[in-house]
Every structure is written in C-alpha cells, then in structure tokens.
Amino acid sequence: MTKHELMQVRSLRAEMAELKRQRDDLLEELLDVVPPEHVRGSYPDYPYTMHTVTIPGSTRFRTREEAGPLWDRLDALDKEIMQYGLHLVWAWQRVLNWIMTIDDSRTRRIFELRYLGGKSWQQIANAFNNEISADAVRKAHNKILDNF
C-alpha cells in the first residue's frame, strides 16, 4: 500500500464533503422563503391598545418549472455524491484490510486515526494522551510506509 493509496480515503472524504456543501447551498437556493411580517394594530374596542401582530411567513421549494436548471444540477450532484460514496467505501475497505495486517497495535491505531478517522498528527498524539509527540507519531507512520 502506497501513501498515495492511503491518501485517497482522505481525499475522497474531502471531495464528498465539498459536494454535500454544494448540495446544501443548492437546496437553499431552491427554497422560496417568505419571511414573517410584523405589523402594528389596535384592538377594535376601547381602549384601542396598540400591539404587534405577526403574519406568519411560508417556506416552499420552487417547482421544476420555476427553477428547472437548479433541479437538474441537484440531480447531477446527487449522482456524483453516490459515485463518490461507492469509491469511498471501496477505498476505505482496502485501507482497513491493509491496516489490519500491521502487527503493532499502536502503529495500527496511528494508521486508523490518520486515514480512516481523518485526524491530524497532533490529534493522533492527543488520542494517545500525549504519551508521544506529533513528530513521533509521524515518524512511526513514515517508518512503516518505508518498509512497505
């Protein structure tokens, strides 16, 4: 297993997150929001006290006739997300299978946290209660990769 193959899991996760952000932005754009309004009025009977009346707003999705290209883009994004998800599952399983071949528990945990958990060197060191430094974590990682 090469470092490039290991990094694919992290890269695919980042790409997937970006696609999901784009999808969320697109869904927001497809929403037609009418905000609530606040007006001042008085009671019809004496003493005619002024008060605020809230007229509720509404939220709905725009129809395909209103926003066809946006709905088409949403469909395309959903397909992309599905494809990236399949690639991610495949890559994740390959990396997990390779990690399980590592004999040393600590080193195996380093690789799990780094590639399957997406953690930084410092976060991995923190997971070990700072028993080892971030540099020591990185060196142990690189030593295993150099042997493969």
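Just above sits the structure.
Keep in mind it's a predicted model, so treat the numbers as computed, not measured. (Residues numbered from 1 in each chain as written. Predicted model: local features only at pLDDT ≥ 70, side-chain atom pairs only at ≥ 80, totals over all residues. Heavy atoms only, no water.)

Trainee: Is there a simple way to explain a negative patch on the surface in this structure?
Mentor: Taken together, the side chains of Asp24, Asp25, Glu28 and Glu29 present a region of like negative charge at the surface. Along the chain, Asp24 turns up in helix α1 (residues 3-30). (Patch = residues over 30% accessible without salt bridge, like charges linked within 9 Å, V, L, I, M, F, W, Y side chains within 5 Å. Areas by Shrake-Rupley, 256 points an atom, 1.4 Å probe, with all protein chains shown as cover. Salt bridge = Lys/Arg side-chain N within 4 Å of Asp/Glu carboxyl O. Lys, Arg positive; Asp, Glu negative; His and termini not counted. Charge placed at Lys NZ, Arg CZ, Asp CG, Glu CD. Helix = DSSP H or I, 4+ residues; strand = E, 2+ residues; numbered from the N terminus.)

Trainee: Would you mind showing me how to read the nonpolar core here?
Mentor: One broad trend across soluble globular proteins is that nonpolar side chains are buried collectively. Counting residues in hydrophobic clusters, the biggest one holds 14 residues, and the most contacted among them are Leu6, Val95, Trp98, Ile99, Phe111, Tyr115 and Leu145. Looking at this core, the elements that each hand over two or more residues are α1, α2 (68-99), α3 (105-116) and α5 (134-147). The leading source of residues in this core is α2, at five residues. Leave out the neighbours within four places in its chain, and Trp98 touches Met1, Leu6, Phe111, Ile144, Leu145 and Phe148. Ranked by size, the runner-up nonpolar core spans 10 residues in total, among them Leu19, Leu26, Leu30 and Ala67. (Core = buried A, V, L, I, M, F, W, Y, C linked by side-chain atoms within 4.5 Å. Buried < 20%, exposed > 50% of the residue type's maximum accessible area, 1.4 Å probe, protein only. Contact = heavy atoms within 4.5 Å.)

Trainee: Explain α5 to me, please; I cannot follow it from the model alone.
Mentor: One full turn of an α-helix is made of 3.6 residues, so residues set three or four places apart face in the same direction. In this model α5 runs 20 Å from its N-terminal to its C-terminal C-alpha over 14 residues, within 8% of the 20 Å that 1.5 Å per residue would give. Buried residues of α5: Ala134, Val137, His141, Ile144 and Leu145, and no others. The arc that holds every buried residue of α5, seen down its axis, measures 100°, which confines them to one face. In α5, the exposed positions angled more than 90 degrees off the buried face are occupied by Lys139, Lys143, Asp146 and Asn147. Elements in contact with the buried residues of α5: α1, α2, α3 and α4 (121-127). (Expected span 1.5 Å × (residues − 1). Arc of directions from axis to C-beta.)

By themselves, these are just geometric observations and shouldn't be taken as functional.
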